[in-house]
Amino acid sequence: MAMNLLTAETGRPRGTRPSRRLRRTGRVPAVVYGMGENPITVSVDRADLRGALSTDAGLNALITLEVDGDRQLSIVKDLQRHPVRRDVLHVDFLRIDPDQEVEVDVPLVLVGEAKKVTQASGMVDQVMHQVPLRAKPSDIPTEVTADVSDLEVGSSLRVSDIDLPAGVTPSGDPDATFAVGLITRSTKEYLRQQKALEEEAEALIVMGEAEEAEEAEADDES
């Protein structure tokens, strides 16, 4: 995974009003913490931050943060946005060790076709779009995929069913559900029709067996 260099300036004043003034100048208030060191209040250029996060890795991009001439590998641990404009209001940077595992949320992409679900006019409901994982910084995937081909109506897939890359493990509940084969109105109608066909087939079999018995009895009498 590629690393981005981002310069952070120290000495920013704290408080709501100073932060607003800072944002008007094109900078974003931030804090840097982790690795047993004291947190540092800093600010970063908004455009540079956008560039550092505009990669396939998204918020999990590895960022070399330069603070007062000192460089430290980091990732974005939390990013606050304006609820309407979606502007970045504040960023938390976490210092990380390239040789130690970190916990990150990685996008989950469903692949394959759940034919048994679609044939029953059901739908695949993805209830988890990000998976909490543990990995060394260099092993963090940009996304993980999960095959839903074997999913059936009324069944579900769990985190433990995901084939993760080497060096990557779940950090949350491995039994957490990420996809479900849902029953819809169309599914219920499909199942009703299937049941009716099965009952009709069974009736025909019973009728056929009865006719065969009658024919056999007639043959015996003759």
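Because the structure is a prediction, the values reported are computed rather than measured.

Counting residues in each nonpolar core, the largest one holds 28 residues, and the members touching the most others are Val131 and Phe178. Secondary structure elements with two or more residues in this core: strand 5 (70-81), strand 7 (102-111), strand 9 (130-135), strand 10 (144-147) and strand 13 (177-182). For this core, the element with the most residues is strand 7, which contributes four residues. In this structure Phe178 touches Leu108, Leu110, Asp125, Gln126, Val127, Met128, Ala146, Leu157, Arg158, Val159 and Ile162, once residues within four positions along its chain are discounted. Membership of the second largest hydrophobic core comes to 20 residues, among which are Val32, Ile63, Leu65 and Val91.

On to the side chain of Asp92. Examined against the element boundaries, Asp92 turns out to sit in strand 6 (residues 88-95). Classification of Asp92 as buried rests on a relative accessible area of 16%. A distance of 3.3 Å separates polar atoms of two side chains, one belonging to Asp92 and the other to His90.

Restricting attention to buried positions, one finds in helix 2 (residues 46-53) the residues Leu49, Ala52 and Leu53. One face of helix 2 carries all of its buried residues, which in axial projection span an arc of 90°. A side-chain oxygen of the first residue of helix 2 lies 3.0 Å from the backbone nitrogen of Ala47; this N-cap is Asp45.

Once that is clear, we can look at the side chain of Arg27. Among the secondary structure elements, Arg27 is positioned in strand 2 (residues 27-34). Polar contacts involving the side chain of Arg27 include one to the main-chain carbonyl oxygen of Ser43, which spans 2.8 Å. The residues contacting Arg27, other than those within four sequence positions of it, are Thr7, Glu9, Leu22, Ser43, Val44, Asp45 and Arg46.

The rules behind the values
Residues numbered from 1 in each chain as written. Predicted model: local features only at pLDDT ≥ 70, side-chain atom pairs only at ≥ 80, totals over all residues. Heavy atoms only, no water. Core = buried A, V, L, I, M, F, W, Y, C linked by side-chain atoms within 4.5 Å. Buried < 20%, exposed > 50% of the residue type's maximum accessible area, 1.4 Å probe, protein only. Helix = DSSP H or I, 4+ residues; strand = E, 2+ residues; numbered from the N terminus. Contact = heavy atoms within 4.5 Å. Polar contact = N/O pair within 3.5 Å; in protein donor to acceptor, adjacent residues only side chain to side chain. Arc of directions from axis to C-beta.

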